[in-house]
Amino acid sequence: MPSALPGGEKAHGPFWSEPGTLLEHVPVAVFGIDDGDLVCYWGPGARDLFGYDSTEVLSGPGAVLFADGARSGSDSCTRLTERGRTLGYWRGRLPARHRDATVFECGFRAFSVTGTGGRSVVMVLASRSGELDRVKTNLAFLDALFETCPIGLVMLDPDLRYVHLNQALADMDGLPIEAHLGRHMDEFMIMSDGGEYLRMLRAVALGGAPVVGTLVGLRPRGHPDRDQVRSVSFFPLSQAVGSRPGVGGLMVDVTDREQAILEATASRRRLALLDGASTRIGTTLDVNITAQELVDASMPDFCDGAVVEVVEWMDEDEVFDPARLLVTRRIASGTILPPPATELVSGVETVRYPPGSVIHDMLRTGRAISAVVNEEFLARTVLIESRARLFAESGLACVLVAPLIARGTVQGIAMFGRSGDRPAFTRDDVSLAGELASRAAICLDNARLYSRVQDIALTLQRALLPSALATSPYVDVAHRYVPGSRITEVGGDWYDVINLPDGRVVLVVGDVMGHGVSAAAAMGRLRITTKALARHDSEPAELLAELDACAQEAGIELATCLHIVYDPKTGRARIASAGHPPPLVLRPDGTVETIDEVLGVPLGVGGFPFRTTEIELPANATLALYTDGLIEARGRDIDAGLEALRIELAGKSVALEEMADRILANLLPSPPTDDTVLILARVHRAP
C-alpha cells in the first residue's frame, strides 16, 4: 500500500495492495507511529477511515485517532504502541475518532518494524469493526456451508473446469474433491442428451440467464453402475464485484423421486445403441465384415470386449444336441482392454465348448444369458487350460451370451464381456443384447445366403468356362479371367478359342448383361451355342445372327459378343461384333490399332443385321480381346480406359503371359468391381 509523504507525494511503503483482494471488500487503513507516538506513515486507506489528509496528521500525535485522545496524549494509543513493541504482534478493538468528531468501534492490528539505523516503528492496520464482523460472518457461513451442506455446491471457471466443490458433490460423483480440481466437468459424467447439458452450462458461463431446478439424467464415472437424476441450478459468477468469472451451481440428487426420468435415460441409451447398431451393422453382404460391425457397434458403450462365432453344423438340418460337443468358428472379435484380453478374443479361430457350458445353456433356451467369470464358469465352458488361465487374467468379470438366430436357424453366438470396473449385466442389458443379436443375425444370414448364391454362381460360371483352350501352331494365346470381388455379384463374361478343320482359328469373347446365377447360366448357353455354330463354318455375321435368334428364344435380353476367324494361310481375319468393345491390334512395329468398324447391336435385341469386316494381320501381330470390366471403372470414362489399354498394350513386354499380367495389374482396380476377360492372341502365317 502506498505511504503518503508530508508533501502529498506517494511512495511505496512496506505493504502493497493489489486490486481484487479482500481489501477491496473490507476498507483497511495502514499507518505508522514512531517512538514518540507520532504518525510517521499514512496510507490512502487511513484517510478514508479517519478523514485526515496526510498533511494534517504526519509528524502529529497519534492520539488524535482515538476516542480518548487529548493534547496530553491517549491511553489507547500508548497501550497499542507499547503492546505492538513488546509483544511483536497485537490485535484488539478500541474506540476510534473520525476527523468530524464521531466515534466508532475499530479493530486494530499492531506490530513492530525496525528500519535502517535501528529505528523502530509500530505499523498499524485498522478497519471498522462492523465491516470486519460482516466479512467474518460471511466467511464463516461459507465455510460451514461447504463443509456441512448436504446439497452439492460447485464453482466452475469459464471453461467449465472445477475450481471449488464440496464433499456432498464429490460423494455424488464418486470421486474425491482433489480429483475434480482443474478438470472439465464432462470428464466426470456420462450423458445421453447429445450435449444439451454442457451447452446449457456454457450459456450460463457466458453471462446468460440463471438455470433453476432443471432435472438432468446422468451416470457419474465414479459410480458407473448407478444412474442419477439431479436437480441443478446454475448462475454466472462474473457479476460479483472483484470475483472470478465462471459458474456457480447447486445440485441435489433426486434419483429416488425421479425414477421415471432415470428409466427414460436408460431407455434412451439403449435406443441410441440400437439405432447406432442398425446403421452400422449390415452395410455389406460380407459375413465377416457384418460380424465385425456387430462387435464394433457394441463397444465401448455396452461392453469392453466382444466376439462373434458361427456354429459349425454338420448340415443345415442338424438339431442341437446339448449332450454333444459344440464347435464354432470365430469370425470377428475386439476389445478395449489391454493384453492379455487382446490375445483372448483374437488368438483362436476354432472354439470347442463342452456339454454343460454356458453356451449350451443359452442354445437350449434360445435366449441370451449372463454369467459371472469365476472358477465354475471357466471349468464348465473353457476346455483348454491355457485359454482358461488367459480368460481369468484378462480382466473380464462377466459375460453375456446371445444366440444369433435367423429364420428359425441358429447361425452362431455373440458374446459380450465387461471388466470388473463396470457393473455386471442387468436384466435390461440381457434384453438389449438379445435385440442386438437378433438384428445382427438377420444381416448375417442375408450375407451368408448371398455368399452361398455367389459361390453357386461362381462355381457354375467356372464350370461353363473352358477348362483348356484349343491350341494351334499359328496362334499363341494368353488368357485371363478375373472374377469380381466378394461384394460384386458374379457376371456373365465368357471366352473361347476354337480350331476349324482347315487350320483356321476362331477367337470369341462375350458378356451377358447382369449378374448372378442367371447371368452365368445364360453365358453357358451362349458359349456352347457359339462353339456349335462355329464348327459349321458360318460367316461371323451369319453366326451372330443365329446366336441372336437363340438369345431371343432363351429370353436373354442383352449380351455382347465379338467373333474373329483368323486364316493363317492368308493372314486375314474376318470380324463381326454384337455390341462388344472393339478389338485392338498390336503390330510388330509397336503401333496399336483399334478395329472399331465392326460395332453392332447386342444379342437379344433382334431386328438388326450384323456385318463382317476383314483385315490383314502381319506375322507376329497381337490381337487383344477383352470385356468391359477391363476398361470401365467408377470415376473413369470408358474412352480413357480404352486409351490406357492401348498404352499398356504398346509396352515393353514381349512374352504374352507377362504382357497379360502387367495389363491386369495396371488397369484393374483393387478389389475388382466387375468380372474381366482378357485374351491376347499372337498370330503367325502358315507356310
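The structure presented is a predicted model; accordingly, all values stated were derived computationally and were not measured.

S.K.: Mind laying out the overall build of the chain, listing which residues take part and the relevant values?
M.R.: Check the secondary structure of the chain and you find 18 helices and 29 strands. For the chain, the residues scored as buried account for 47% of the 687 residues in total. Within the chain, contacts between residues at least 6 apart in sequence are counted, and of these 61% link residues at least 24 apart. Looking at the chain as shown, the accessible area adds up to about 32900 Å², and 54% of this sits on carbon and sulfur atoms.

S.K.: Which residues make up the side chain of Asp304, and what values do they have?
M.R.: Among the structural elements, Asp304 can be located in the loop between helix 9 (287-298) and strand 14 (305-311). The class of Asp304 is buried, set by a relative accessible area of 4%. Apart from residues no more than four positions distant in its own chain, Asp304 is found in contact with Met299, Thr335, Ile336, Leu337, Gly417, Arg418, Ser419 and Arg422.

S.K.: Describe the packing of helix 17 (residues 638-649) against helix 18 (residues 656-667), naming the residues involved and giving the relevant values.
M.R.: For the pair helix 17 and helix 18, the least separation of the axes is 10 Å and the interaxial angle reads 145°. Considering only the axes of helix 17 and helix 18, their crossing is right-handed. Residue-level inspection shows Ala644, Leu645, Glu648 and Leu649 of helix 17 in contact with helix 18, the latter providing Met659, Arg662, Ile663, Asn666 and Leu667. Its residues placed into classes, the contact of helix 17 with helix 18 shows six nonpolar, one polar and two charged.

S.K.: I'd love a proper account of the sheet that holds strand 12 (residues 228-236), names of residues and values included.
M.R.: In space, the six strands of this open sheet follow the order 9-8-13-12-11-10, with antiparallel pairing throughout. The strands lining the two open edges of the sheet, one partner per strand, are strand 9 (162-165) and strand 10 (189-190). Of the strand pairs in this sheet, strand 12 and strand 13 (residues 247-253) are connected by seven bridges, and their pairing is antiparallel. Note that in strand 13 the partner of Phe235 across the bridge is Gly248. Contacts from helix 7 (residues 196-205) reach strand 10, strand 11 (211-220), strand 12 and strand 13 within the one sheet, and its direction differs from that of strand 12 by about 20°.

S.K.: Tell me what's going on with unusual backbone geometry, and back it up with residues and numbers.
M.R.: For the bond running from Met299 to Pro300, omega is 0°, close enough to zero to count as cis. Structurally, Pro300 can be placed in the loop between helix 9 and strand 14. Note the cis peptide between Pro339 and Pro340, where omega equals 10°. Relative to the helices and strands, Pro340 is located in the loop between strand 15 (326-335) and helix 10 (341-346). Even without a glycine there, the phi angle at Asp37 is positive, about 60°. Structurally, Asp37 is set in the loop between strand 3 (29-33) and strand 4 (39-42). Positive phi outside glycine occurs at Ser59, with the angle close to 70°.

S.K.: Requested: an account of the pattern of salt bridges, with residues and values cited.
M.R.: Applying the stated criterion to the full structure yields 30 salt bridges. Note that Arg527 and Asp496 form a salt bridge whose closest N and O atoms lie 3.2 Å from each other. Taken together, the positions of Arg527 in helix 15 (residues 517-534) and Asp496 in strand 21 (residues 492-499) put the pair 31 residues apart, joining distant regions of the chain. For Arg527, a relative accessible area of 12% translates into the label buried. Look at the salt bridges and you will find they share partners, linking Glu539, Arg572, Arg574, Glu614, Glu616 and Arg685 into a network.

S.K.: Let's hear about the nonpolar core: which residues, and what values?
M.R.: By size, the foremost hydrophobic cluster in this structure holds 33 residues, and its most contacted members are Leu294, Phe302, Val308, Leu400, Leu404 and Phe416. Elements with a contribution of two residues or more to this core: helix 8 (259-280), helix 9, strand 14, strand 15, strand 18 (396-406), strand 19 (409-419) and helix 14 (427-464). The element that contributes the greatest number of residues to this core is helix 14, accounting for eight residues. Beyond its immediate sequence surroundings of up to four residues, Phe416 is in contact with Ser298, Phe302, Cys303, Gly305, Ala306, Cys398, Val399, Leu400, Phe425 and Ala433.

S.K.: Any details on the confidence of the model for the chain? Residues and values, ideally.
M.R.: Scored by pLDDT, the chain has a mean of 84; 87% of the residues are at 70 or more. Below pLDDT 50 for its whole length, residues 1-23 participates in 41 contacts with residues either more than four positions away or in separate chains.

S.K.: Let's hear about the packing of aromatic side chains: which residues, and what values?
M.R.: Summed over the entire model, instances satisfying the criterion amount to ten aromatic pairs. Aromatic pair Phe31 and Trp42: ring centres 5.9 Å apart, planes at 40°, arrangement tilted. In this pair, Phe31 sits in strand 3 while Trp42 sits in strand 4, placing the two residues eleven residues apart along the sequence. Taking the relative accessible area as the measure of exposure, Phe31 reaches 0% and is therefore buried.

S.K.: Could you give me a rundown of the pairing of strand 15, with the residues and numbers involved?
M.R.: Each regular strand shows side chains that alternate between the opposite faces of the sheet. Inspection of the sheet shows strand 14 paired to strand 15 by seven bridges, in the antiparallel sense. Note that in strand 15 the partner of Gly305 across the bridge is Thr335. Inspection of the sheet shows strand 15 paired to strand 16 (residues 350-353) by four bridges, in the antiparallel sense. Bridge pairing in strand 16 places Arg329 opposite Thr350.

So, how was this worked out
- Residues numbered from 1 in each chain as written.
- Predicted model: local features only at pLDDT ≥ 70, side-chain atom pairs only at ≥ 80, totals over all residues.
- Heavy atoms only, no water.
- Helix = DSSP H or I, 4+ residues; strand = E, 2+ residues; numbered from the N terminus.
- Buried < 20%, exposed > 50% of the residue type's maximum accessible area, 1.4 Å probe, protein only.
- Contact = heavy atoms within 4.5 Å.
- Areas by Shrake-Rupley, 256 points an atom, 1.4 Å probe, with all protein chains shown as cover.
- Axes fitted to C-alpha atoms, helices over the stretch in contact; angles between N-to-C directions.
- Left-handed = near helix turned anticlockwise from the far one by under 90°.
- Nonpolar A, V, L, I, M, F, W, Y, C, P; charged D, E, K, R; others polar.
- Pairing = 2+ DSSP bridges.
- Salt bridge = Lys/Arg side-chain N within 4 Å of Asp/Glu carboxyl O.
- Core = buried A, V, L, I, M, F, W, Y, C linked by side-chain atoms within 4.5 Å.
- pLDDT = per-residue confidence, 0-100.
- Phe/Tyr/Trp six-rings, centres within 6.5 Å; stacked < 30°, edge-to-face > 60°.

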